[in-house]
Amino acid sequence: MTTSARVALVTGGSAGLGLALSRALAEQGWQVLTDGRTEERFADAALPDGVTAVVGDITDAEHRAHLVAEVAARGRLDLLIHNASTLGPLPMRPLAEVGVADLQQVWRTNIGAPLVLTSALLPWLGLADGVVLSISSDAAVNHYEWWGLYGASKAALDHVTLTYAAETGLTAYAVDPGDMRTAMHQDAFPGEDISDRPLPESVVPQLLALLGTRPPSGRYRASDLAVQEAS
């Protein structure tokens, strides 16, 4: 099952930005592995040829082992995208009202799973001179009411991602895609009309441009990448 095609693993690819990235990479000839928590999440995803869905929860060790086995079967990994994420308990609430269990829920998904999955995949990423791309948020650097748990987890993800670059020599990016019209963003604003937010597909060209030009490892904003591409 080893392949000469470029291989990407995109976590959380059943909807939103993860699905948009999986489709775009497959259209460019990549073999894409992606995951989601249930079969139902992929029912309406219309995955194209070249995308393999692995059902499971990224916080589950057996599921992560399954993902690693899928990569090993292909014999390479050129790109690891940490996209799976959670806001935490809903409705969102101020820090004074959250507890340790809430922190653990957010931390396991947004930072714990990406950290240990990256470690497990380092051998294949190293062989391919691969890229680690973590989907960040402006909440990682700004301080919004009720976004404390999520923002702290994204700040930690930025730090871990770029520390991997410093320790291993891999190219790694933490990218803030900006607001998008996704189910998770709707969860953050229940009952509000978020139709003015751009669709996640609108961010994909900037992320593909980043991968194509491979600037130095660092934290980037998709809006800045769009300006660079236009110049």
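Further up the page is the structure itself.
Residues numbered from 1 in each chain as written. Predicted model: local features only at pLDDT ≥ 70, side-chain atom pairs only at ≥ 80, totals over all residues. Heavy atoms only, no water.

A. Main features of the nonpolar core. Ranked by internal contacts, the top residues of the largest apolar core, which has 27 residues, are L25, L79, I81 and L133. Listing elements by their share of this core, those giving two or more residues are β1 (7-10), α1 (16-27), β4 (79-82), β5 (131-135), β6 (171-176), α6 (204-213) and α7 (222-230). The leading source of residues in this core is α1, at 6 residues. Discounting residues that sit within four places of it in the chain, L133 has contacts with L79, L80, I81, H82, Y173, V175 and L210. One finds L33, I58, L170 and A172 within the second-largest nonpolar core, a separate group that totals 19 residues. (Core = buried A, V, L, I, M, F, W, Y, C linked by side-chain atoms within 4.5 Å. Buried < 20%, exposed > 50% of the residue type's maximum accessible area, 1.4 Å probe, protein only. Helix = DSSP H or I, 4+ residues; strand = E, 2+ residues; numbered from the N terminus. Contact = heavy atoms within 4.5 Å.)

B. Seen up close, the packing of α1 against α6. In contact at an axis separation of 10 Å, α1 and α6 are set at 55 degrees when each is read in the N-to-C sense. When the axes of α1 and α6 are compared, the pair comes out oblique. α6 is crossed by α1, and the crossing has right-handed handedness. Between α1, through L17, A20, L21, A24 and L25, and α6, the contact on the second element is made entirely by V204, L207 and L208. By residue class, the composition of the contact of α1 with α6 is 8 nonpolar, no polar and no charged. (Axes fitted to C-alpha atoms, helices over the stretch in contact; angles between N-to-C directions. Parallel < 35°, antiparallel > 145°, perpendicular 65-115°, else oblique. Left-handed = near helix turned anticlockwise from the far one by under 90°. Nonpolar A, V, L, I, M, F, W, Y, C, P; charged D, E, K, R; others polar.)

C. A look at unusual backbone geometry. For the bond from L90 to P91, the omega torsion is -5 degrees, close enough to zero to count as cis. One can find P91 in the loop between β4 and α3 (100-127). Notably, W146 is not glycine yet its phi reads approximately 80 degrees, a positive angle. If you trace the backbone, W146 turns up in the loop between β5 and α4 (148-168). At R214, a position not held by glycine, the phi torsion is positive, near 45 degrees. Residue position: R214 is located in the loop between α6 and β7 (218-221).

D. Quick peek at the pairing of β4. Side chains L79 and I81 of β4 all project onto a buried face; the interleaved residues L80 and H82 project onto the opposite face, where all are buried too. Note that β1 and β4 share 3 bridges and pair parallel. Of the residues in β4, the one forming a bridge with A8 is L79. In this structure, β4 lies alongside β5, joined through 4 bridges in parallel fashion. Residue H82 lies in a different strand from β5, and its bridge partner there is S134. Read as a crossover between parallel neighbours, the route from β4 over α3 to β5 is right-handed. (Pairing = 2+ DSSP bridges. Right-handed = clockwise from strand over helix to strand, strands pointing away.)

E. Highlighting the pattern of salt bridges. Applying the stated criterion across every chain yields a total of 5 salt bridges. With its nearest N and O atoms 2.7 Å apart, the salt bridge here joins R74 to E70. Of this pair, R74 and E70 both sit in helix α2 (residues 61-74), separated by 4 residues, roughly a single helical turn. Of the two residues, R74 and E70, neither departs from the other in class, the shared state being buried. One salt bridge in this structure joins R214 and D129, with 3.6 Å as the shortest N-O distance. One end of the pair, R214, is in the loop between α6 and β7; the other, D129, is in the loop between α3 and β5, and 85 residues separate them in sequence. R214 gets classed as partly exposed once you look at its relative accessible area, which sits at 33%. (Salt bridge = Lys/Arg side-chain N within 4 Å of Asp/Glu carboxyl O.)

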